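Letter by letter, the chains look like this.
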Amino acid sequence: MDDAPLIAGVELGGTKCIVILASGPEAVHERVELPTTKPDETLAAIEAVIDGWRGYAALGIASFGPVSIDPKAGDYGRISSTPKPGWAGTDVARRLAARYGVPTRFHSDVVGAALGEARWGAAAGLDDLAYVTVGTGIGVGLVAHGRPVDGLTHSELGHVRPQRLAGDDWSGVCPFHGACVEGLASGPAIAARSGIKGEELPPDHPAWDGVVHALAQMLHMVVLTGVPRRIVVGGGVMVGSQFLFPRVRAALRQSLGGYIAIPEVEDVDTFIVPPALGNNAGPLGAIVLGQQALSHA
């Protein structure tokens, strides 16, 4: 690890940003948390931190999205159709890359977390995995052969429309799709439906039935991509409500119905796991993105 290059990393989140100077989890030189406010104000605060650093070889940026990740696209490096007020169209990657002049890689925050967990966390040693975040939003980051699975753009599987529970016609909260998985099972969805924040909602509250049902169907689809050898599930809703893990595992097993008869999948207790890096999954994923930028410079 001592020989690993120093990387500047940015995890740009919906409520806070983490700016990190590191080469790995055991070699973090500095870690600064900043609030995510208006775009220019937030980016200027990030730049004020990085401006004081020296000796880093590359920059990795893992951002809330959706984001444009195709370097050939005219809007590459920008946040696109986000519901976060004021941030749609914000240039992040090109602005920072131009300022610092080092190899730069830009991707979604969930892909960043997936890369971090694959390198140093709950999926260490596995080149093929998915990272799912269930919090303010819901997203899925897919990694195969150690690299993000993407093409035209990154996956947005949190916005698939699940089959509804019988008799459930609640409209959901997603401003784009209403009752997609994010609209039914995210933190804001739980609070809107129950009138109680998820962290305060009793485990036996009936609102959890719809959450488990929607998440299991999304995970069913993630399994059917054929990519992940393990699915790491993080985010405030899941990590703050550990009782959800056995319920989601059981619902996924029932949903699959034995169709994927592969030992890794059938052992759901080791297939669906919480993150090991906690709040550092995303920032350390940004470090991996910077390492990848350097290796392909």
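These lines cover the structure that appears in this document, whether it is placed above or below.

What counts, and where the lines are drawn
- Residues numbered from 1 in each chain as written.
- Predicted model: local features only at pLDDT ≥ 70, side-chain atom pairs only at ≥ 80, totals over all residues.
- Heavy atoms only, no water.
- Helix = DSSP H or I, 4+ residues; strand = E, 2+ residues; numbered from the N terminus.
- Rg over C-alpha atoms; globule rule 2.2 N^0.38 Å.
- Buried < 20%, exposed > 50% of the residue type's maximum accessible area, 1.4 Å probe, protein only.
- Contact = heavy atoms within 4.5 Å.
- Salt bridge = Lys/Arg side-chain N within 4 Å of Asp/Glu carboxyl O.
- 1 Å grid on protein atoms, 1.4 Å probe; cavity = no way out; pocket = protein on both sides within 12 Å on 5 of 7 lines; lining within 4 Å.
- Points joined across faces, edges and corners; volume = space filled by probe spheres on them.
- Nonpolar A, V, L, I, M, F, W, Y, C, P; charged D, E, K, R; others polar.
- Pairing = 2+ DSSP bridges.

**Comments concerning the overall build of the protein**
Across its full length, the protein carries 11 helices and 10 strands. Radius of gyration (C-alpha) of the protein: 19 Å, near the 19 Å computed for a compact globule of 297 residues. Counting across all 297 residues of the protein, residues that qualify as buried make up 53%. For the protein, the share of sequence-separated contacts (at least 6 apart) that also reach a separation of at least 24 residues comes to 62%.

**Considerations on the pattern of salt bridges**
Applying the stated rule across the entire model yields 10 salt bridges. Linking Asp40 and Arg95 is a salt bridge whose minimum nitrogen-to-oxygen distance equals 3.4 Å. Placement of Asp40 in helix 1 (residues 39–50) and of Arg95 in helix 2 (residues 93–100) is noted, with a sequence separation of 55 residues between them. Take Arg95: its relative accessible area is 26%, and that puts it in the partly exposed class.

**Concerning the layout of surface pockets**
Of the pockets and cavities examined, the second largest pocket occupies roughly 200 Å³. What lines the second largest pocket is simply Val223, Leu224, Gly226, Val227, Pro228, Arg229, Ile260, Ile262, Glu264 and Val265. Only helix 6 (207–224) and helix 9 (263–266) provide two or more residues apiece to the lining of the second largest pocket. For the lining of the second largest pocket, a count of residues per class yields 7 nonpolar, 1 polar and 2 charged.

**Looking at the pairing of strand 7 (residues 138–144)**
Across the 7 residues of strand 7, 7 count as buried, placing the element largely inside the fold. Of the two faces of strand 7, the one holding Ile138, Val140, Leu142 and Ala144 and the one holding Gly139, Gly141 and Val143 are both buried throughout. Sheet topology note: the strand 7/strand 8 (residues 147–148) ladder contains 2 bridges and is antiparallel. Bridge pairing in strand 8 places Val143 opposite Pro148. The hairpin formed by strand 7 and strand 8 contains 2 residues between the paired strands, and His145 there has a positive phi angle of roughly 55 degrees.

**As for empty space enclosed by the protein**
Under the definition given, this model contains 2 cavities of 30 Å³ or more. Around the largest cavity, the lining residues are Pro162, Gln163, Arg164, Leu165, Asp168, Leu184, Arg193, Gly210, Val211, His213 and Ala214. Here the lining of the largest cavity takes 4 residues from helix 6, the largest share from any one element. Its residues assigned to classes, the lining of the largest cavity comprises 5 nonpolar, 3 polar and 3 charged. Estimated volume of the second largest cavity: approximately 30 Å³. Taken together, Val132, Val134, Leu215, Met218, Leu219, Val233, Met238 and Val248 form the lining of the second largest cavity. For the lining of the second largest cavity, the leading source of residues is helix 6, giving 3 residues. Considering only residue class, the lining of the second largest cavity consists of 8 nonpolar, no polar and no charged.

**Describing the sheet that holds strand 6 (residues 129–134)**
With mixed pairing, the 5 strands of this open sheet are ordered in space as 8-7-6-9-10. A single partner strand is all that each edge strand has here, and the edge strands are strand 8 and strand 10 (272–273). Bridge analysis of strand 9 (residues 231–234) against strand 10 gives 2 bridges, and the strand direction is parallel. Within the sheet, the bridge partner assigned to Val232 lies in strand 10 and is Val273.

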